Amino acid sequence: TAERIRDKFAASRAKGIFMGGVPPMGYDVKARKLIVNDDAAANVRFIFKRFVEIGSGTTLLRELAQRGITTRQGKPITKGFLYRMLNNRAYLGEAVHKGTSYPGEHAALIDRGVWDKVHAILTESPRVRACRTRAATGDPPPQWNHL
């Protein structure tokens, strides 16, 4: 029975079908399909666009908090949530199962060009990005307090 369930799940994902769980930000579920939520989708597009412009998750999180952009549950967006979102291939209109990506039956929220720019930034060392961001904003480097 478990094997049949796993096979059915894998076959459904290969067809691009949403198989339950929490839908990604920017989508709602209706009749087991991901439907674009226009208000939340605008926030997702803004997040990807701003990340390309500033290249810093920390700076982006501050800006999102100032704008009042929150998760579906109304909680502030955390760094973990942000980076999971930036790596979620559902925003390209794809369905992923065990590391393999398939065309999804839902609409993409961002285009491949934006995705590629975000991932070019993400492949760079976080330390290098942090130093560049601090230099641009004038923030002092972190201080280590030793007792």
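Please refer to the structure placed before this passage.
Thresholds, definitions, all that
Throughout, residues of each chain are indexed from 1 in the direction in which the sequence is written. Totals for whole chains, interfaces and linings use every residue, but because this is a predicted model, local features are given only for residues with pLDDT of at least 70 and side-chain atom pairs only at 80 or more, for both listing and counting. With hydrogens and water excluded, all non-hydrogen atoms of the structure serve as input to the side-chain values. Throughout, exposure labels follow a simple rule: accessible area from a 1.4 Å probe, protein chains only, divided by the maximum for the residue type, with under 20% read as buried, over 50% as exposed, and the rest as partly exposed. Counting from the N terminus, the helices are DSSP H or I runs at least four residues long and the strands are E runs at least two residues long. In protein, a polar contact requires one atom able to donate a hydrogen and another able to accept it; more generally it is a pair of N or O atoms within 3.5 Å, and residues adjacent in sequence count only if both atoms are side-chain atoms. Two strands qualify as a pair provided that DSSP identifies no fewer than 2 bridges between them. Any Phe, Tyr or Trp ring, taking Trp's six-membered ring, that has another such ring centre within 6.5 Å forms a pair; planes under 30 degrees apart are called stacked, those over 60 apart edge-to-face, and the others tilted. Helix span is expected to be 1.5 Å times the residue number reduced by one. A 1.4 Å probe that fits but cannot get out identifies a cavity on a 1 Å grid over protein atoms alone, an open set with protein on both sides within 12 Å along at least five of seven lines counts as a pocket, and a residue lines either if it has an atom within 4 Å of a point. Grid points are joined across faces, edges and corners, and a volume is the space filled by probe spheres set on the points. Three residue categories are used. Nonpolar comprises Ala, Val, Leu, Ile, Met, Phe, Trp, Tyr, Cys and Pro, charged comprises Asp, Glu, Lys and Arg, and polar comprises the others, including Gly. For this analysis, a salt bridge means a side-chain nitrogen from Lys or Arg found within 4 Å of a carboxyl oxygen belonging to Asp or Glu. Geometry is summarised by axes, namely lines fitted to C-alpha atoms with helices restricted to the contacting stretch, and by angles between N-to-C directions that run from 0 to 180 degrees. By definition in this entry, angles of less than 35 degrees are roughly parallel, angles greater than 145 are roughly antiparallel, angles of 65 to 115 are roughly perpendicular, and the rest are oblique. In this description, contact between two residues means that some pair of their heavy atoms is separated by no more than 4.5 Å.

Participant: Looking at this model, I keep getting lost on helix H3 (residues 57-67). Mind explaining?
Facilitator: Because the α-helix completes a turn every 3.6 residues, residues three or four places apart line up on one side. Those residues of H3 that fall on the buried side of the exposure criterion are Gly57, Thr59, Leu60, Leu61, Glu63 and Leu64. With a side-chain oxygen lying 3.4 Å from the backbone nitrogen of Thr58, the N-terminal cap of H3 falls on Ser56. Positive backbone phi, at 80°, marks Gly68, one or two positions downstream of H3.

Participant: Would you mind going over the pairing of strand S3 (residues 94-97) with me for this structure?
Facilitator: Regular strands place side chains that alternate from one sheet face to the opposite one. Taken together, the 4 bridges between S3 and strand S4 (residues 100-103) define a ladder with antiparallel strand orientation. Along S4, the bridge assignment pairs Glu94 with Pro103. The hairpin turn running from S3 into S4, its antiparallel successor, is 2 residues long, and Lys98 in that turn takes a positive phi close to 50°.

Participant: I tried to follow the packing of aromatic side chains on my own but got confused; where do I start?
Facilitator: Aromatic ring pairs are reported here in terms of the distance separating the ring centres and the angle at which the planes meet. On inspection of all chains with the given rule, the structure shows 4 aromatic pairs. Ring plane angle 65° and centroid distance 5.7 Å describe the contact between Phe48 and Tyr91, whose orientation is recorded as edge-to-face. One end of the pair, Phe48, is in helix H2 (residues 38-54); the other, Tyr91, is in the loop between helix H4 (79-86) and S3, with 43 residues separating them in the sequence. Summarising the burial analysis for this pair, Phe48 and Tyr91 share the class buried.

Participant: Quick question: what am I supposed to make of the pairing of strand S2 (residues 33-36) here?
Facilitator: The sheet contact formed by strand S1 (residues 27-30) and S2 spans 4 bridges and is antiparallel. Paired with Val29 across the two strands is Leu34, which belongs to S2. Connecting S1 to the antiparallel partner S2 that follows it, the hairpin turn spans 2 residues, and Ala31 within it adopts a positive phi of roughly 55°.

Participant: I tried to follow H2 on my own but got confused; where do I start?
Facilitator: Helix length check: H2, at 17 residues, gives a terminal C-alpha distance of 24 Å against a target of 24 Å (1.5 Å per residue), a fit within 8%. If you check which residues of H2 are buried, you get Ala40, Ala41, Val44, Phe46, Ile47, Phe48, Arg50 and Phe51. Gly55 sits one or two residues past H2 and shows a positive phi near 70°.

Participant: Got a minute to help me understand the layout of surface pockets in this structure?
Facilitator: Over the atoms, a rolling probe the size of a water molecule traces out where space has been left empty. What the second largest pocket holds in volume is close to 210 Å³. Looking at the second largest pocket, the residues that line it are Val22, Pro23, Pro24, Met25, Thr71, Arg72, Gln73, Phe81, Arg84, Met85, Asn88 and Tyr91. Split by residue class, the lining of the second largest pocket holds 7 nonpolar, 3 polar and 2 charged.

Participant: What is the right way to read the pattern of salt bridges from this model?
Facilitator: Two side chains of opposite charge can pair, provided their charged atoms sit close to one another. Under the counting rule described, the total for this entry stands at 8 salt bridges. Among the ionic pairs, Glu53 bridges to Arg50, the shortest N-O distance being 2.6 Å. Of this pair, Glu53 and Arg50 both sit in helix H2, 3 residues apart, roughly one helical turn. Given the relative accessible area of 19%, Arg50 is considered buried. Arg50 is paired through a salt bridge with Glu63; the nearest N and O atoms lie 2.8 Å apart. Placement of Arg50 in helix H2 and of Glu63 in helix H3 is noted, with a sequence separation of 13 residues between them. Look at the salt bridges and you will find they share partners, linking Lys49, Arg50, Glu53, Glu63 and Arg67 into a network.

Participant: For this particular structure, what's the right way to read the packing of H2 against H4?
Facilitator: Helix-helix packing: each pair is described by the crossing angle between the helix axes and the interaxial distance. Here H2 crosses H4 at 90°, and the two axes come no closer than 11 Å. Regarding the angle of H2 to H4, the classification is roughly perpendicular. On H4, the residues touching Val44, Ile47, Phe48 and Phe51 of H2 are Leu82, Tyr83, Met85 and Leu86. In terms of residue class, the contact of H2 with H4 is made up of 8 nonpolar, no polar and no charged.

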